[in-house]
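This is what each chain is made of:
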Amino acid sequence: MALIVQKYGGTSVGSPERVKNVARRVAKWKKQGHQLVVVVSAMSGETNRLVALAKEMQAQPDPREFDVMASTGEQVTIALLAMALLELGLKARSYTGGQVRILTDSAFTKARILSIDEARMRADLEAGYVVVVAGFQGVDEAGNITTLGRGGSDTTGVALAAALKADECQIYTDVDGVYTTDPRIVPEARRLKSITFEEMLEMASLGSKVLQIRSVELAGKYNVRLRVLSSFEEEGEGTLITFEEDKHMEQASLSGIAFNRDEAKITILGVPDRPGIAYQILGPVGDANIDVDMIVQNVGHDGMTDVSFTVHRNDYQKALQILKPIQAHLKAREVLGGDKIAKVSVVGVGMRSHAGIASTMFRTLAEEGINIQMISTSEIKISVVIDEKYMELAVRVLHKAFGLEQAA
Ligand code: ADP
Ligand code: ASP
Ligand code: MG
């Protein structure tokens, strides 16, 4: 008998019929004698609908009120799933994040989990109940409802698995595993049998939304056995996120390609080339809680230089406002910005031992006439910023150039 946490995403609970399907799958596991905690997302499209509603009231919705509302989608699906399970003759109970007591900080809309009270869930499991928990939400010390950021139900699933020391955390979604790249963009993409934590972290942080990055971080930190599977297929082993680089993985130079259009680029032209300049520009941006991703500083000439960096598109206008007084103070020539950019990244632990990945990447993009605006690298990834309109083309040609469609 194992203790298993299963998480079902929005599409998997997108209609009453699909909720019933999930119930049947849960029942199958339960009948095999396992203890089950099931985390569900809101029905697909529901969270987007709620976000749009909030924006009709306030252009920038009040974060506390936003969370009160955004968390309601999941409250509907937990009850629906519990009902479907009861209907199948199982014992089931649903809980909101606050009822479990998933305690978070008070950073509304992007709260972090501080602790989880597992007593109530354990008692229910011992008594034979399937425990159904709302994803994406928690409660702060003062009792306010909080949410964990978009895609946060993955993080709820992994956090519960960590707290309960579950044998496995299974993320059921609308694809049957983690692919070499988003199969919606490249139909030839191939499912990976396994991917290392490091690679999955990079893929998630670079834009592959199949797992929310914080769920991967948590799984790594607490040694949670994590697997991505299809909620629509009966069989299939999905993709296991592994701690070890097996031989199989080492042979392949790349595991996947990630992309995202969530960033915007800001360039400050003609700032004095002297110590402390990066700090003077980026310090206030960081102080405003804006994450800076790529940073490029040009070689100075005539005592002047240019600095470019990228931020999340949601923070773009705010960052431009912050830079206005800095521009004046530094007597910088100009601040340029644009949000029509995309970041495309190739990821793989095999990169450590394979030379030539960068040159293949740059040559492939050059052959398509795609201009690279920025480059950043780490030991296991290379990212480039390009014009957004070439993003899908870039992903497709790179996928082909690196032979990712072939079985490794
Ligand atoms: P859920 O609602 O189940 O949480 P998501 O939409 O958040 O599902 O994540 C699943 C989607 O992630 C897939 O439908 C797919 O389009 C996308 N995706 C992006 N990159 C990848 C990848 N490398 N492998 C698999 N799916 C990916
Ligand atoms: N319902 C939330 C969202 O759409 C959380 C999730 O699905 O993981 O972002
Ligand atoms: Mg998701």
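Each value, and the rule that gives it
- Residues numbered from 1 in each chain as written.
- Chains lettered and ligands numbered in written order.
- Predicted model: local features only at pLDDT ≥ 70, side-chain atom pairs only at ≥ 80, totals over all residues.
- Heavy atoms only, no water.
- Helix = DSSP H or I, 4+ residues; strand = E, 2+ residues; numbered from the N terminus.
- Rg over C-alpha atoms; globule rule 2.2 N^0.38 Å.
- Buried < 20%, exposed > 50% of the residue type's maximum accessible area, 1.4 Å probe, protein only.
- Contact = heavy atoms within 4.5 Å.
- Lys, Arg positive; Asp, Glu negative; His and termini not counted.
- Charge placed at Lys NZ, Arg CZ, Asp CG, Glu CD.
- Near = heavy atom within 4 Å.
- Polar contact = N/O pair within 3.5 Å; in protein donor to acceptor, adjacent residues only side chain to side chain.
- Areas by Shrake-Rupley, 256 points an atom, 1.4 Å probe, with all protein chains shown as cover.
- Nonpolar A, V, L, I, M, F, W, Y, C, P; charged D, E, K, R; others polar.
- Pairing = 2+ DSSP bridges.
- Axes fitted to C-alpha atoms, helices over the stretch in contact; angles between N-to-C directions.
- Arc of directions from axis to C-beta.
- Parallel < 35°, antiparallel > 145°, perpendicular 65-115°, else oblique.
- Left-handed = near helix turned anticlockwise from the far one by under 90°.
- Patch = residues over 30% accessible without salt bridge, like charges linked within 9 Å, V, L, I, M, F, W, Y side chains within 5 Å.
- Salt bridge = Lys/Arg side-chain N within 4 Å of Asp/Glu carboxyl O.

A.B. asks: Describe in detail the overall build of the protein chain, supporting the description with residues and values.
C.D. replies: In terms of regular secondary structure, the protein chain is built from 14 helices and 20 strands. In summary, the protein chain has a C-alpha radius of gyration of 23 Å against a globular reference of 22 Å for 408 residues, a match within 12%. Along the first, second and third principal axes, the C-alpha atoms of the protein chain reach 75 × 50 × 35 Å. Every one of the 408 residues in the protein chain was classed for burial, and the buried ones make up 51%. Of the contacts made within the protein chain by residues no fewer than 6 positions apart, 75% connect residues no fewer than 24 positions apart. With 46 positive and 52 negative side-chain charges, the protein chain shows a spacing of 3 Å between the two charge centroids.

A.B. asks: Got a sec to walk through the site of ligand 1? Specific residues and values, please.
C.D. replies: Around ligand 1, 17 residues are found, and the nearest of them are Thr173, Asp174, Tyr179, Asp182 and Arg184. Between ligand 1 and Gly10, the relevant distance is 3.1 Å, taken from an oxygen atom to a main-chain nitrogen or oxygen of the residue. Here an oxygen atom of ligand 1 and a side-chain polar atom of Thr173 are 2.7 Å apart. In isolation ligand 1 exposes 570 Å². Once the protein is present, 91% of that is buried. For the shell around ligand 1, the class distribution of residues is six nonpolar, six polar and five charged.

A.B. asks: Could you give an account of the sheet that holds strand β14 (residues 263-272), naming the residues involved and the relevant values?
C.D. replies: Each strand in a sheet pairs with its neighbour through backbone hydrogen bonds, running either in the same direction (parallel) or in the opposite one (antiparallel). Pairing in this open sheet of four strands is antiparallel, and the strands run β15-β16-β14-β17 from one edge to the other. Two strands close off the open sheet at either side, each with one partner strand: β15 (292-297) and β17 (334-338). Looking at each pair of strands side by side, their axes are set apart by 15° on average, direction ignored. Across five bridges, β14 lies against β17 in antiparallel orientation. Bridge pairing in β17 places Leu269 opposite Glu334. On the sheet, helix α12 (residues 316-330) packs against β14, β16 (304-312) and β17 and is oriented at approximately 0° with respect to β14.

A.B. asks: Can you tell me about the sheet that holds strand β6 (residues 130-134), naming the residues and giving the values?
C.D. replies: Here eight strands make up an open sheet; going across it, the order is β3-β6-β2-β1-β9-β11-β12-β10 and the pairing mixed. Sheet topology places β3 (92-95) and β10 (194-196) at the edges, where each strand pairs with a single neighbour. Strand-to-strand, the axes of this sheet are offset by a mean angle of 20°, without reference to chain direction. In terms of strand pairing, strand β11 (residues 226-230) meets strand β12 (residues 239-242) through three bridges, oriented antiparallel. If you follow Val228 over to β12, its bridge partner there is Thr239. The sheet contacts of helix α1 (residues 16-31) involve β1 (3-8), β2 (35-40), β6, β9 (168-173) and β11, and relative to β1 the element is tilted by about 170°.

A.B. asks: An account of helix α13 (residues 357-367) is needed here, citing residue identities and associated values.
C.D. replies: Taken together, the buried positions of α13 are Ile357, Thr360, Met361, Thr364 and Leu365. Buried positions in α13, seen along its axis, are confined to an arc of 125° and lie on one side of it. Seen from the buried face of α13, the exposed residues on the opposite side, beyond 90 degrees, are Ala366 and Glu367. Positive backbone phi, approximately 70°, marks Gly369, located one or two places after α13.

A.B. asks: Account for the packing of α13 against helix α14 (residues 391-401), with residues named and values stated.
C.D. replies: Where α13 meets α14, the closest approach of the two axes is 10 Å, and the angle between their N-to-C directions is 130°. Between α13 and α14, the interaxial angle falls into the category oblique. Every pair of crossing elements has a handedness; the one defined by α13 and α14 is right-handed. Of the residues in α14, those in contact with Met361, Thr364 and Leu365 of α13 are Ala394, Val397, Leu398 and Ala401.

A.B. asks: Before we move on, could you go through a nonpolar patch on the surface and cite the residues and values that matter?
C.D. replies: A cluster of nonpolar side chains, Val76, Leu80 and Met83, forms an exposed patch at the surface whose accessible area comes to about 250 Å². By the element assignment, Met83 lies in helix α4 (residues 72-87).

A.B. asks: Outline the packing of α1 against α4, listing residues and values.
C.D. replies: Close contact between α1 and α4 brings their axes to 9 Å; oriented N to C, the two are set at 55°. In terms of their interaxial angle, α1 and α4 are classed as oblique. Considering how the two elements wind past one another, α1 and α4 form a crossing that is right-handed. Between α1 and α4, the residues in contact are Val19, Lys20, Val22, Ala23 and Val26 and Leu80, Leu81, Ala84 and Leu85, respectively. Across the contact of α1 with α4, the residue classes tally to eight nonpolar, no polar and one charged.

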